[in-house]
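Results of the structural survey
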Amino acid sequence: SNLIGTKVLNQAAFRSDESIRELFDFNKGDITVRSAVIARHLLTTSIDPEVTINSLIRMATYADKLSYSNSLYYEIIKDLMRSRNVLAVLPATKRMNSVLVYYEQVKHLQSCKNNPNFWLQYGVAALALDNFDEARIKIATAYSYAQKKDRYDTFMIDNTNARLELTEGIQHPKKDRD
């Protein structure tokens, strides 16, 4: 509204404005966001992170249940494991607590619990939030599950572990580093 000069108080004019109708769909009392950019902005500025996290948890739970019989849901659960996707929809001020709540809630799902990629993404999220101790634990867990898989290539875990060591070393230098 501020960008195009429409006054929200005049709902009829707001809903009929051509620019607004390109961004939002008003259907039977519901408002649907048509723009991914606007949707992401609303998620990161206006929506309670708890609502977002609860929605992500419900989606992950549902996708997990259907992932073994439908490849579409398998791809969805993989996307819902990726830390960049989770972090992208959370406000910067409450990311740490929210992302940890999310990963803690979904770590028991069948697709996640023994999956080295899930634990790697959990570690990546912790590292992105500069929680080095938590990242180290999650990366160690990823290595543990990777060892149990036949011919699992740990290069992504290795890269993240190296990034952890470099980032922590830069932020917290020690005289006697191993």
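Look up: the structure comes first, before these words.
Being a predicted model, the structure only gives us computed values, none of them experimental. (Residues numbered from 1 in each chain as written. Predicted model: local features only at pLDDT ≥ 70, side-chain atom pairs only at ≥ 80, totals over all residues. Heavy atoms only, no water.)

Observations regarding the packing of helix α9 (residues 116-128) against helix α11 (residues 155-171)
One way to put it is that α9 packs onto α11 with a least axis distance of 10 Å and a crossing angle of 20°. Here α9 lies roughly parallel to α11, going by the angle between them. Viewed along their axes, α9 and α11 form a crossing whose handedness is left-handed. Judged by residue contacts, P116, N117, L120, V124, L127 and A128 of α9 engage M156, I157, T160, R163, L164 and T167 from α11. Broken down by class, the residue content of the contact of α9 with α11 amounts to eight nonpolar, three polar and one charged. (Axes fitted to C-alpha atoms, helices over the stretch in contact; angles between N-to-C directions. Helix = DSSP H or I, 4+ residues; strand = E, 2+ residues; numbered from the N terminus. Parallel < 35°, antiparallel > 145°, perpendicular 65-115°, else oblique. Left-handed = near helix turned anticlockwise from the far one by under 90°. Contact = heavy atoms within 4.5 Å. Nonpolar A, V, L, I, M, F, W, Y, C, P; charged D, E, K, R; others polar.)

A word on helix α10 (residues 132-147)
For an α-helix, the turn length of 3.6 residues means that residues three or four places apart are oriented alike. In a regular helix each residue adds 1.5 Å, so 16 residues correspond to 22 Å; α10 covers 22 Å between its end C-alpha atoms and thus fits that length. Inspection of α10 places F132, A135, K138, I139, A142, Y145 and A146 among the buried residues, and these make up the whole buried set. When α10 is viewed along its axis, its buried side chains cluster within an angular range of 145° and face the same direction. Opposite the packed face of α10, turned more than 90 degrees from it, sit the exposed residues D133 and Q147. Of the surrounding secondary structure, the elements contacted by the buried residues of α10 are α7 (95-106), α8 (110-113), α9 and α11. (Expected span 1.5 Å × (residues − 1). Buried < 20%, exposed > 50% of the residue type's maximum accessible area, 1.4 Å probe, protein only. Arc of directions from axis to C-beta.)

Looking at the pattern of salt bridges
The tally for this structure, following the rule as stated, stands at seven salt bridges. Taking the shortest distance from any N to any O, the salt bridge between R82 and D79 comes out at 2.3 Å. Look at D79 and you get partly exposed, because its relative accessible area is 35%. One salt bridge connects D150 with R151, and the closest N-O pair in it is separated by 3.7 Å. Within this structure, R136, E165 and E168 form a network of salt bridges that share partners. (Salt bridge = Lys/Arg side-chain N within 4 Å of Asp/Glu carboxyl O.)

Notes on the packing of aromatic side chains
Scanning the entire structure with this criterion turns up eight aromatic pairs. Seen in terms of ring centroids, Y62 and Y73 are 5.9 Å apart; in terms of plane orientation they differ by 85°. Their pairing is edge-to-face. Here Y73 lies in helix α5 (residues 71-81) and Y62 lies in helix α4 (residues 49-66), a separation of eleven residues in the sequence. According to the relative accessible area criterion, Y73 is partly exposed, its value standing at 22%. Residues Y102 and Y103 carry aromatic rings whose centres are separated by 5.3 Å and whose planes lie at 70° to one another, so their mutual orientation is edge-to-face. With a relative accessible area of 1%, Y102 lands in the buried category. A cation sits over an aromatic face here: K138 above Y122, 4.6 Å from the ring centre. (Phe/Tyr/Trp six-rings, centres within 6.5 Å; stacked < 30°, edge-to-face > 60°. Lys NZ or Arg CZ within 6 Å of the ring centre and 35° of its normal.)

Examining the side chain of S98
Inspection of the secondary structure assignment puts S98 in helix α7. Apart from the residues lying within four places of it in its own chain, the contact partners of S98 are P49, I53 and L90.

Things to note about the nonpolar core
Of all hydrophobic cores here, the largest spans 35 residues; its most connected members are V99, Y102, Y103 and F118. For this core, the elements supplying multiple residues, two or more each, are α4, α5, α6 (83-88), α7, α9, α10 and α11. Among residues more than four places away in sequence, those in contact with F118 are M81, Y103, V106, K107 and C112. (Core = buried A, V, L, I, M, F, W, Y, C linked by side-chain atoms within 4.5 Å.)

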